[in-house]
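Spelled out, the chains give:
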Amino acid sequence: MLNIKNLHVKLEEEDKQILKGVNLSLEPGKVHAIMGPNGSGKSTLSYVLSGKDGYEVTDGSAQLEGVDILDMEAEERAAAGLFLAFQYPVEIPGVGNMTFLRTAVNAQRKLRGEEEMSAGEFLKVVRAKAKDLKIDAGFGSSLASIFASDNIFIIMLSARFIFSDCVLFARR
């Protein structure tokens, strides 16, 4: 369960309040769509919950199963199961999806005190997960490939709460 209570957030470099008293409870298996005009704080909420720099929480709390996530580093939030989906993924020349994902998975495993996955073991697991989801594990640059990539990231990173611009998902 993710509970957000009276969350107030402003931009760090400006004295501009973006979120003004957000309250929300996310239960496993539920999807919440947050709607509003541009600049109303939809992305800000996702960024703050995932630990992105540049925002200052001025009041309120956000707790994941009773633990205040606002005191956690971004990588600790990720290891706890929070996932911010890429709205517009950026290609990093020379770094493939699988290399990037394996690095992220192994970073999480390290934080949890688990052994890193070898490249072979990792590819075997990714291919099995992709097969279960009926998607191509090779990916590409099409919009469908981006969604397939996000789905593999969500599954491989054991995401429990997924923030995708304006939509919050809580996995069972």
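Residues numbered from 1 in each chain as written. Predicted model: local features only at pLDDT ≥ 70, side-chain atom pairs only at ≥ 80, totals over all residues. Heavy atoms only, no water.

**Some words on the pairing of strand β2 (residues 17-26)**
By the bridge criterion, seven bridges tie strand β1 (residues 2-11) to β2 in an arrangement that is antiparallel. Bridging from a neighbouring strand, Leu7 pairs with Val22 of β2. Count of turn residues in the β1/β2 antiparallel hairpin: five residues. (Pairing = 2+ DSSP bridges. Helix = DSSP H or I, 4+ residues; strand = E, 2+ residues; numbered from the N terminus.)

**Here's the deal with the packing of aromatic side chains**
Two aromatic rings are characterised by how far apart their centres lie and by the angle between their planes. Taken as a whole and judged by the stated rule, the model has one aromatic pair. Each ring, one from Tyr47 and one from Tyr55, has its centre 6.1 Å from the other, and the planes form 40°; the classification is tilted. With a relative accessible area of 24%, Tyr47 lands in the partly exposed category. Take Tyr55: its relative accessible area is 18%, and that puts it in the buried class. (Phe/Tyr/Trp six-rings, centres within 6.5 Å; stacked < 30°, edge-to-face > 60°. Buried < 20%, exposed > 50% of the residue type's maximum accessible area, 1.4 Å probe, protein only.)

**Overview of the sheet that holds β1**
Two strands in a sheet stick together by hydrogen bonds in their backbones, pointing the same way (parallel) or opposite ways (antiparallel). Pairing within the open sheet is antiparallel, and its four strands lie in the order β2-β1-β4-β5. Both outer strands of the open sheet, β2 and β5 (67-68), are each paired with one neighbouring strand and no more. Two elements, β1 and strand β4 (residues 55-64), share eight bridges in a ladder whose sense is antiparallel. Bridge pairing in β4 links His8 to Asp59.

**Quick word on a negative patch on the surface**
A contiguous patch of negative charge on the surface is contributed by Glu12, Glu13, Glu14, Asp53, Glu56, Glu73, Glu75 and Glu76. Note on placement: Glu76 falls in helix α2 (residues 74-79). (Patch = residues over 30% accessible without salt bridge, like charges linked within 9 Å, V, L, I, M, F, W, Y side chains within 5 Å. Areas by Shrake-Rupley, 256 points an atom, 1.4 Å probe, with all protein chains shown as cover. Salt bridge = Lys/Arg side-chain N within 4 Å of Asp/Glu carboxyl O. Lys, Arg positive; Asp, Glu negative; His and termini not counted. Charge placed at Lys NZ, Arg CZ, Asp CG, Glu CD.)

**Notes on helix α4 (residues 119-133)**
Compared with an ideal rise of 1.5 Å per residue, which puts 15 residues at 21 Å, α4 spans 21 Å between its outermost C-alpha atoms and is within 8% of the ideal. Turning to α4, its buried residues are Phe122, Val126 and Ala130. Each buried residue of α4 lies within a common arc of 65° when the element is viewed along its axis, so the set occupies one face. Structural note: α4 exposes Lys124, Arg127, Lys131 and Asp132 on the side pointing more than 90 degrees away from its buried face. Lys134 occupies a position one or two residues after α4 and carries a positive phi of about 60°. (Expected span 1.5 Å × (residues − 1). Arc of directions from axis to C-beta.)

Read these as spatial facts, not as claims about activity.
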